[in-house]
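Structural overview
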Amino acid sequence: MIKNTSRTLNLIRLRLTTRSRSNHLETKSIPFTFQLPDDTPVTLGRTRVWVATSLDIKDAVDPSDIDHVKVLPNQMVTSIIEAMEQLGFRLRQVECEEAPRRMRKRLPFVQEFEFVPSGGVYAGKVDEIEIIVQPSGLHDYDLFIEVDRRARGFGGFLSAMLDADEALVRIQVSEREIPQLKNRLTNIISRYS
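First things first, this report covers the structure right here in the doc. Since the model is a prediction, treat every value here as computed from it, not as a measurement. (Residues numbered from 1 in each chain as written. Predicted model: local features only at pLDDT ≥ 70, side-chain atom pairs only at ≥ 80, totals over all residues. Heavy atoms only, no water.)

**A few points about the overall build of the chain**
Quick reminder of the rule: In this text, helices come from DSSP runs of H or I with a minimum length of four residues, and strands from runs of E with a minimum of two, each type numbered from the N-terminal end. Classification of residues uses two cut-offs on accessible area relative to the type maximum, computed with a 1.4 Å probe and protein chains only: under 20% is buried, over 50% is exposed, and between them is partly exposed. The contact rule is simple, with two residues in contact once any of their heavy atoms fall within 4.5 Å.
Across its full length, the chain holds three helices and seven strands. When the elements of the chain are put in sequence order from the N terminus, they spell out β-β-α-β-β-β-β-α-β-α. The buried share among the 193 residues of the chain stands at 33%. Considering only residue pairs separated by 6 or more positions, the chain has 56% of its internal contacts joining residues 24 or more positions apart.

Quick look at the structure:
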């Protein structure tokens, strides 16, 4: 669906200013908290998120530090994964990929969740389903769902070669619609498989 890329990007930058003096053996702790933006990718697959800190200390040997953090899926992403598993799919891969212009928001990338059939009614009909989840409001999300049909026969082979075996659907979902999410996904996958 989207070109793969690998780079580091600042999701948020905070500046804490505290002036203090300390001697060379003293340890200082400066507690702080912040909220990650809603579009922070979850740390599934090869996706890594960390907090990088640096201090402005004269003649410091190593004034910077990196601490990896675990970003858990929010309620919407968790519900999508659970619904897809109930429909007979397994999560194969999670990647952050460069976003095409039509999908760009605050960040130049999107996180894609790739599912493959593990049995059930879609085995043999669908090669994979890719889902991108983007916040579009306080409790609202845009879902970009790509259904990649399994090629059948010579016509299916030609369709696969021309990428005509893929359907991209965009839907909007709010958190209050989560109980109906499995049915909405079923309708979309059934229609385009």
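**Overview of the sheet that holds strand β4 (residues 109-117)**
How we decide: Strand pairing is defined by DSSP finding a minimum of two bridges between the two strands. In this description, a line fitted to the C-alpha atoms serves as the axis of each element, helices being fitted only across the stretch in contact, and the angle between N-to-C directions of two axes falls anywhere from 0 to 180 degrees.
The strand order across the open sheet formed by five strands is β3-β4-β5-β6-β7, and the pairing between neighbours is antiparallel. Each edge of the open sheet carries a strand with a single partner, namely β3 (89-98) and β7 (166-174). Averaged over all pairs of adjacent strands, the angle between strand axes in this sheet comes to 25°, irrespective of strand direction. Lying on the sheet, helix α1 (residues 75-86) is in contact with β3, β4, β5 (126-135), β6 (140-149) and β7; it crosses β5 at an angle near 165°.

**Side note on helix α3 (residues 181-192)**
Applied cut-off: Helix span is expected to be 1.5 Å times the residue number reduced by one. The arc in question is traced by the directions running from the helix axis to the C-beta atoms.
Between its first and last C-alpha atoms α3 spans 17 Å; for twelve residues at 1.5 Å apiece the expected length is 16 Å, and the two agree. The set of residues buried in α3 consists of L181, L185, I188 and I189. Within α3, the buried residues cover an arc of 95° as seen down the axis, which keeps them to one side. Residues of α3 that are exposed and point over 90 degrees away from its buried face: N183, N187 and R191. The secondary structure elements touched by the buried residues of α3 are α1, β3, β5, β6 and β7.

**Brief notes about the packing of α1 against α3**
Counted only if it meets this: What sets the label is the angle itself: under 35 degrees gives roughly parallel, over 145 gives roughly antiparallel, 65 to 115 gives roughly perpendicular, and the rest give oblique. Crossing chirality is assigned from the near helix's rotation relative to the far helix, an anticlockwise turn below a right angle marking it left-handed and a clockwise turn marking it right-handed. Following the grouping adopted for this structure description, the nonpolar residues are Ala, Val, Leu, Ile, Met, Phe, Trp, Tyr, Cys and Pro, the charged ones are Asp, Glu, Lys and Arg, and the polar ones are all others, Gly among them.
Running from N to C, α1 and α3 point in directions that differ by 55°, and their axes come no closer than 9 Å. What the angle tells us is that α1 and α3 run oblique. Where α1 crosses over α3, the handedness of that crossing is right-handed. Every residue of α3 that contacts α1 at M76, S79, I80, A83, M84 and Q86 is listed here: L181, K182, L185 and I189. A per-class count over the contact of α1 with α3 returns seven nonpolar, two polar and one charged.

**A closer look at the pattern of salt bridges**
The cut-off we apply is this: Counted as salt bridges are all cases of a side-chain nitrogen of Lys or Arg within 4 Å of a carboxyl oxygen of Asp or Glu.
On inspection of all chains with the given rule, the structure shows eight salt bridges. With a shortest N-O distance of 2.8 Å, D39 and R106 are connected by a salt bridge. Of the two residues, D39 sits in the segment before β1 (49-54) while R106 sits in the loop between β3 and β4, which places them 67 residues apart along the sequence. Judged by relative accessible area, D39 falls into the partly exposed class, the value being 23%. R106 gets classed as partly exposed once you look at its relative accessible area, which sits at 45%. Among the salt bridges present, the one from K105 reaches D142, with a minimum N-O distance of 3.2 Å. Of this pair, K105 sits in the loop between β3 and β4 while D142 sits in strand β6; the two residues are 37 residues apart in sequence, bridging distant segments of the chain. According to the relative accessible area criterion, K105 is partly exposed, its value standing at 44%.

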